[in-house]
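Commentary on secondary and tertiary structure
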Amino acid sequence: MADRYLHFTGTAPGRFLTRRLGLPQPAPLRRWSLDTPRLEGPLLHLTAGSGAGAGADTGARARAQAGAGARASAGADVGAVAGTAAGLAEVLAGVGLPVVGRADRPGAVVLDATGVTTAAGLGDVHAALHPVVRSLAPGGRIVVLGTVPSPDDHHQAAAQQALEGFVRSLGKEIGRGSTVQLVRLPGVRAPGAPAPDVQVPDVRVPDVRVPDVPASGIRLPGGGATAQGAASTLRFLLSPRSAYVSGQVIELTDATPEPVTDPAAPLAGRTALVTGAARGIGAAVASVLARDGARVIALDVPGVREELERTAARLGATPLPLDITAPDAADRIAAAAPDGLGVLVHNAGITRDRRLANMPAERWTSVIEVNLDSVLRTTDELLKAGTIRRGGRIVATASIAGIAGNNGQTNYAASKAGIIGLVRSLGPRAAADHGVTVNAVAPGFIETKMTAAVPFFIREAGRRMNSLSQGGLPVDVAEAVAWFAQPDSTAVNGQVLRVCGQSLLGA
Ligand code: NAD
């Protein structure tokens, strides 16, 4: 159903009226297409903290480091300044936007805050972003790079956890269709370790005192390899593909990414199976995976065979009419994919809403069975049989209801929270035992037939109660699934990505 309010606020009288009344101002989102493959404006690369401890001169240091970024664009050594990674500059260059150290109107800003290890060092974050946040182009991106809060160093943990609150708050206030995320790189804390490999090169402006406090010893293992592990994530977040993702915290592992041989068709040679693919989000996932070069098998219940066949024909996919709860579902999937699966997307899902007091057991059981139990069972069986090949990707579908809970959805929220438990637990073990990653998307309000059927006022509330003041589209969820599915997303594992425009519901 068309979002008429979004259309209205795009007109001059609509903008005027809604501003005067203090109503939400949704900005049209720039989504990926062949015509709009990139964000508008250059990528500004800034550094905060530099691992050198906090000093009184934080603002000046951030400015100096911003200057270092400028040199990087001219070929100088950004990685050494960032301390994160010699490879970071290379990875950012691969995003496809010109990387600069200063810009009047950046399309994206990457702030390397991996070196922020003290509360005072957070001043660098303010100093780096305060001058640029207002000039970010509409639909822009801010990505803060951090490290995992350390269990051994409460100062580092406080500083790094602070970044989460910062990012989530900035996401809520930035407006104009812009988004803000935190990506945690796999730093390890070495207590008492010597200063990390940060050589502050001779790029300081003359008035900057770099304090001679020793760095607190956060090391990013592998340097360039760490940055390479973040490449697919940064490509996704710094592109129109992540239009409806904001306020998210993504934690990367130190796994070595697999190479992508053809960036235009990164899933070429891989077979992807998508459940619930006849319509809605599943059809969009199938479409985006096909766009990325995968051979797609589109599975849905036999009851929607015609719709499934139409969708499959449109995408050049193979239809597989099958109820995912069937006892032999895994065997039939394996038979349909004799060469194995590179990507398995558990998207099929149902709702049977009622408050618990009015909910018969059948409503409870059917939702748990489709949304969770069948996912657990088929995943276990397909992994055990080796149908999901090494380097494979499993993506399940949770929901913000599984994070925040929802009135009348004890069954649905339980099933979706169960998905979150599944991916967090299985992700590391599946990587170790099978070379497979396991992640989940958690959609918020997505414009599908399901949400079109929601009563007007509840639908309007669902659409507006997020930082982007609008509903997402099925393709927004599909792009997130495609990011998880990338061959070089190996370091993305056990993650739950909310695709909800930073909904007010949940964290
Ligand atoms: P939808 O109802 O439009 O599509 C779901 C598809 O799953 C249908 O084609 C249906 O036939 C299929 N399906 C149902 N039971 C099945 C079974 N037993 N075996 C095989 N296929 C089966 O729903 P949607 O809005 O596209 O949602 C897709 C997924 O995203 C679901 O898991 C849903 O819970 C989740 N989700 C959706 C939203 C939203 O706003 N639309 C929000 C959060 C989560």
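Residues numbered from 1 in each chain as written. Predicted model: local features only at pLDDT ≥ 70, side-chain atom pairs only at ≥ 80, totals over all residues.

**Let's talk about the confidence of the model for the protein chain**
With 85% of its residues at a pLDDT of 70 or more, the protein chain shows a mean pLDDT of 86. In this model residues 51-83 is a low-confidence stretch, pLDDT under 50, and it forms 112 contacts with partners more than four residues away in sequence or in other chains. In this model, residues 188-222 is a region of pLDDT below 50 whose contacts with residues beyond four sequence positions or in other chains number 92 contacts. This prediction of the complex comes with two scores: 0.89 for pTM and 0.99 for ipTM. (pLDDT = per-residue confidence, 0-100. Contact = placed C-beta atoms within 7 Å.)

**Details of the site of the ligand**
With respect to spatial proximity, 27 residues lie near the ligand, and among them Gly-276, Gly-280, Ile-281, Ala-348 and Gly-349 are the closest. Listing elements by their share of the shell around the ligand, those giving two or more residues are α10 (280-291) and α16 (449-452). Its residues assigned to classes, the shell around the ligand comprises twelve nonpolar, eleven polar and four charged. (Near = placed C-beta within 6 Å. Helix = DSSP H or I, 4+ residues; strand = E, 2+ residues; numbered from the N terminus. Nonpolar A, V, L, I, M, F, W, Y, C, P; charged D, E, K, R; others polar.)

**A short note on the sheet that holds strand β5 (residues 179-185)**
A sheet is described by the order of its strands in space; here six strands give the open sequence β2-β1-β3-β4-β5-β8, paired in parallel fashion. With one partner strand each, in any of the chains shown, β2 (99-100) and β8 (248-251) form the two edges of the open sheet. As paired elements, strand β4 (residues 141-147) and β5 share seven bridges and run parallel to each other. Across the sheet, Gly-146 pairs through a bridge with Arg-184, a residue of β5. Against the sheet, helix α7 (residues 154-174) touches β4, β5 and β8, its axis set at about 160 degrees to β5. (Pairing = 2+ DSSP bridges. Axes fitted to C-alpha atoms, helices over the stretch in contact; angles between N-to-C directions.)

**Here we look at the environment of Glu-306**
Here Glu-306 lies in helix α11 (residues 305-315). According to the C-beta neighbour criterion, Glu-306 is exposed, with 11 such atoms within 10 Å. Spatially, the C-alpha atoms of Glu-306 and Pro-319 are 9.8 Å apart, while their sequence positions differ by 13 residues. (Buried ≥ 20, exposed ≤ 12 C-beta atoms within 10 Å, placed from the backbone.)

**Here we look at the packing of helix α12 (residues 329-336) against helix α13 (residues 361-384)**
Between α12 and α13, whose axes approach to 9 Å, the crossing angle comes to 50 degrees. Regarding the angle of α12 to α13, the classification is oblique. Regarding α12 and α13, the two cross each other, and that crossing is right-handed. Counting all contacts with α12, which are made through Ala-329, Ala-330, Ile-333 and Ala-334, the residues of α13 involved are Ser-374, Thr-378, Glu-381 and Leu-382. Residue composition of the contact of α12 with α13, by class: five nonpolar, two polar and one charged. (Parallel < 35°, antiparallel > 145°, perpendicular 65-115°, else oblique. Left-handed = near helix turned anticlockwise from the far one by under 90°.)

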